[in-house]
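Report on the structure
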Amino acid sequence: MIFTSPMSAASSSQITQFNGLISPAAWGAPFQLPGSPPPGPGPFPPPLLVVLLPSDGRIMTTQGSVQQGIFVMLLVLMTDPVTHMPTLSFVGNSTMANFQVDARLTSASLSATVQGFDLVSFSPKTVTISVSWTAIDPLTGVLSPITRTTMENRVQFGGFSLFLHIFSQMRLATASGTLAVVGEPMIPLPPAPAAIARADFGIITRTPLA
């Protein structure tokens, strides 16, 4: 779907559109699979939270710029298992990745090196991550069905307006893999809720000129 927005002398419009593949995944207490045992102490303290969003598609903006390819966003929060003090608060992104998605949205894989910044040590860090997704239930062998979603929302107040359009085809999945801060031991990422999706997302904002 291509968005167009008429310009007027009294307002300025901004358009952003994404079309492509995404496979969001997250690990941590709120994202454990039902029935999963709590993580034990083990040799590798589990991360407090990991949020991963890889995408492969095209982003277009009002200015006419077009970005095509793979983009990975990663958030990692870790704490000391004894003191519970934060040891890592990493936010980063990367285009140095191998991200592949099956055409039927049944599986996906990612291998990436992510550059970012640690808000605990106030220093740059590099994280390597390898993850695989499957939409087949490991216990029943049943393939998760495709869920199709179409949503449009419009918000307007004063001279400001926002229009949001989302169309997606998605299979629920599980994701698992490994993560490591460069120079430190590798940490396993156990199976966790995730998704494999094809999405068309667009947003138009209109702001009155001063």
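The notes below deal with the structure included here.

This part covers the overall build of the protein. Per the secondary structure count, the protein includes 0 helices and 11 strands. Counting from the amino terminus, the protein carries its helices and strands in the arrangement β-β-β-β-β-β-β-β-β-β-β. Classification of the 210 residues of the protein by burial places 34% in the buried group. Counting contacts in the protein only where the partners sit at least 6 residues apart, residues at least 24 apart contribute 62% of the total. Total accessible area computed for the protein in this model is approximately 11,900 Å², and 64% of it derives from carbon and sulfur atoms.

This part takes up the environment of Val114. Tracing the backbone through its elements, the reader meets Val114 in strand β7 (residues 107-118). Taking the relative accessible area as the measure of exposure, Val114 reaches 0% and is therefore buried. For the pair formed by Val114 and Met96, sequence separation is 18 residues and the distance between their alpha carbons is 7.3 Å. Not counting residues up to four positions away in its chain, the partners in contact with Val114 are Val72, Leu74, Phe90, Gly92, Asn93, Ser94, Lys125, Thr126, Val127 and Ile129.

Sheet faces and side chains relate simply in a regular strand, where the side chains alternate between the two faces. Pairing geometry for strand β8 (residues 123-134) and strand β10 (residues 160-181), over 8 bridges, is antiparallel. Note on β10: the bridge partner recorded for Val131 is Gly177. Sheet topology places strand β9 (residues 146-157) next to β10; 12 bridges connect them, and they run antiparallel. Bridge assignment links Arg154 to a residue of β10, and that residue is Phe163. Following β9, the chain reverses through 2 residues before pairing antiparallel with β10; Gly158 in that reversal takes a positive phi of roughly 60°. Judged from the 18 bridges that link them, β10 and strand β11 (residues 187-208) form a sheet pairing that is antiparallel. Along β11, the bridge assignment pairs Ser161 with Arg206. Hairpin connection, β10 to β11: the antiparallel pair is bridged by 5 residues, and Gly183 has positive phi, about 95°.

Let's shift gears to the packing of aromatic side chains. For the structure on display, the rule yields 2 aromatic pairs. For the pair Phe99 and Trp133, a centre-to-centre distance of 6.2 Å together with 65° between the ring planes defines the contact as edge-to-face. In this pair, Phe99 is assigned in strand β6 (residues 97-101) and Trp133 in strand β8, connecting sequence segments 34 residues apart. Here Phe157 and Phe160 contribute two aromatic rings whose centre-to-centre distance is 5.3 Å and whose plane-to-plane angle is 45°, an arrangement assigned as tilted.

Parameters at a glance
Residues numbered from 1 in each chain as written. Predicted model: local features only at pLDDT ≥ 70, side-chain atom pairs only at ≥ 80, totals over all residues. Heavy atoms only, no water. Helix = DSSP H or I, 4+ residues; strand = E, 2+ residues; numbered from the N terminus. Buried < 20%, exposed > 50% of the residue type's maximum accessible area, 1.4 Å probe, protein only. Contact = heavy atoms within 4.5 Å. Areas by Shrake-Rupley, 256 points an atom, 1.4 Å probe, with all protein chains shown as cover. Pairing = 2+ DSSP bridges. Phe/Tyr/Trp six-rings, centres within 6.5 Å; stacked < 30°, edge-to-face > 60°.

Read these as geometric descriptors, not functional statements.
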